[in-house]
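# Residue-level structure breakdown
Below, each chain spelled out in residue letters.
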Amino acid sequence: MTGGPGYVYVAALGGGIAAQAALSEATGEAPIPIDLRAVPRVTFTDPQVAAVGFTEKEARAAGYNARATTFPITALPRGVVSHRTTGLVRLVAEEGTDRLLGAHLVAANAGDVIGEAVLAVRFELTTRDLVSTLHAYLTWGEGIKLSAQTFTRDIAKLSCCA
Ligand SMILES: Cc1cc2nc3c(=O)[nH]c(=O)nc-3n(C[C@H](O)[C@H](O)[C@H](O)COP(=O)(O)OP(=O)(O)OC[C@H]3O[C@@H](n4cnc5c(N)ncnc54)[C@H](O)[C@@H]3O)c2cc1C
């Protein structure tokens, strides 16, 4: 109806905002603008595909000096112990500020892991914020931190949790 991304949570957000706007004269509340800068998208294949924000190409087209890094799930401890090593995490960040502009995952549980990247894109966190945030060892979520680390380090040379 609105032409936005075709997901049920986007429809629900738009519905709530439409209802609030319809009542705004009576309630005196200003209509809330819809914020679609960080819409997660998940494809329930096996492995799952999940993304938020810009690809590297989209970021460049939007005027960002963007760079990207790719982290293979073969290097993720959770993937190794689960024998589910197919996939990758690709992060897109702005050169200089290190602000996260996008995250693209192919991995088991990618649809759950993307939540952290959604918060990071929405609240303009940096790859340094992701690296300095503690992530529990032996989780799928650790893939976001390790992927952020690959912007500055060769993760093949890191010991566990470094
Ligand atoms: C197979 C499939 C799988 C999907 N899976 C996901 C998913 O996993 N995650 C996700 O986020 N989204 C998913 N979606 C998308 C999601 O369902 C839609 O984005 C969402 O339902 C859109 O909500 P809506 O309220 O705009 O429209 P709808 O949910 O389509 O609601 C429109 C309503 O209006 C009614 N209607 C139409 N014309 C009239 C009329 N003339 N008079 C009265 N009533 C009318 C319809 O009967 C319907 O009940 C999926 C969609 C499909 C088709």
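Keep in mind that this is a model prediction, so the values were computed, not measured. (Residues numbered from 1 in each chain as written. Predicted model: local features only at pLDDT ≥ 70, side-chain atom pairs only at ≥ 80, totals over all residues. Heavy atoms only, no water.)

## Observations regarding the domain arrangement of the protein
Split by domain assignment, the protein resolves into domain 1 (1–36) and domain 2 (37–156). Between domain 1 and domain 2, the C-alpha centre-to-centre distance is 29 Å. Contact with domain 1, which involves six residues of that partner, is made by six residues of domain 2. Carbon and sulfur atoms supply 51% of the area that domain 1 and domain 2 bury against each other, a total of about 500 Å² over both sides. Our count for the contact surface shared by domain 1 and domain 2 stands at two salt bridges. For the salt bridge of D35 with R37, the shortest nitrogen-to-oxygen distance reads 2.8 Å. Where domain 1 packs against domain 2, one counts three residue pairs in polar contact (both at pLDDT 80 or more). Classifying every residue of the side of domain 1 that touches domain 2 gives five nonpolar, no polar and one charged. (Domains from an automatic or database assignment. Contact = heavy atoms within 4.5 Å. Buried area = accessible area lost by both parts, 1.4 Å probe. Salt bridge = Lys/Arg side-chain N within 4 Å of Asp/Glu carboxyl O. Polar contact = N/O pair within 3.5 Å; in protein donor to acceptor, adjacent residues only side chain to side chain. Nonpolar A, V, L, I, M, F, W, Y, C, P; charged D, E, K, R; others polar.)

## Quick look at the pattern of salt bridges
Counted under the stated rule, the structure contains 10 salt bridges. Here R122 ties to D35 by a salt bridge, and the two come within 3.8 Å at their closest N and O atoms. One end of the pair, R122, is in helix α5 (residues 110–122); the other, D35, is in the loop between α2 (24–27) and β1 (41–43), and 87 residues separate them in sequence. Residue classification places R122 among the partly exposed residues on the basis of a relative accessible area of 43%. Residue D35 is classed as partly exposed on the basis of its relative accessible area, which comes to 31%. Connected via shared salt-bridge partners are D35, R37, R99, R122 and E124. (Helix = DSSP H or I, 4+ residues; strand = E, 2+ residues; numbered from the N terminus. Buried < 20%, exposed > 50% of the residue type's maximum accessible area, 1.4 Å probe, protein only.)

## Points about the site of the ligand
Around the ligand lies a shell formed by G6, Y7, V8, Y9, A11 and F44. Note that an oxygen atom of the ligand is positioned 3.4 Å from one of the backbone N or O atoms of G6. Contacts to the ligand include V8, whose backbone N or O atom sits 2.8 Å from an oxygen atom. In isolation the ligand has 990 Å² of accessible area, and contact with the protein removes 20% of it. Here the shell around the ligand is built from residues that sort into five nonpolar, one polar and no charged. (Near = heavy atom within 4 Å. Areas by Shrake-Rupley, 256 points an atom, 1.4 Å probe, with all protein chains shown as cover.)

## Some words on the sheet that holds strand β4 (residues 88–94)
Overall, antiparallel pairing links the five strands, which are arranged β1-β2-β5-β4-β3 in an open sheet. Of all the strands in the sheet, the pair left with one neighbour each is β1 and β3 (66–72). Recorded for the sheet is a direction-independent mean angle of 10° between the axes of neighbouring strands. As paired strands, β1 and strand β2 (residues 48–53) are joined by three bridges and run antiparallel to one another. (Pairing = 2+ DSSP bridges. Axes fitted to C-alpha atoms, helices over the stretch in contact; angles between N-to-C directions.)

## Here's the deal with the pairing of strand β5 (residues 100–107)
β5 sits mainly inside the fold: seven of its eight residues count as buried. Sheet analysis places β2 next to β5, joined by six bridges and oriented antiparallel. In the strand pairing of β5, A50 is matched with L105. With six bridges connecting them, β4 and β5 associate as antiparallel partners. Within the sheet, the bridge partner assigned to V92 lies in β5 and is G102.

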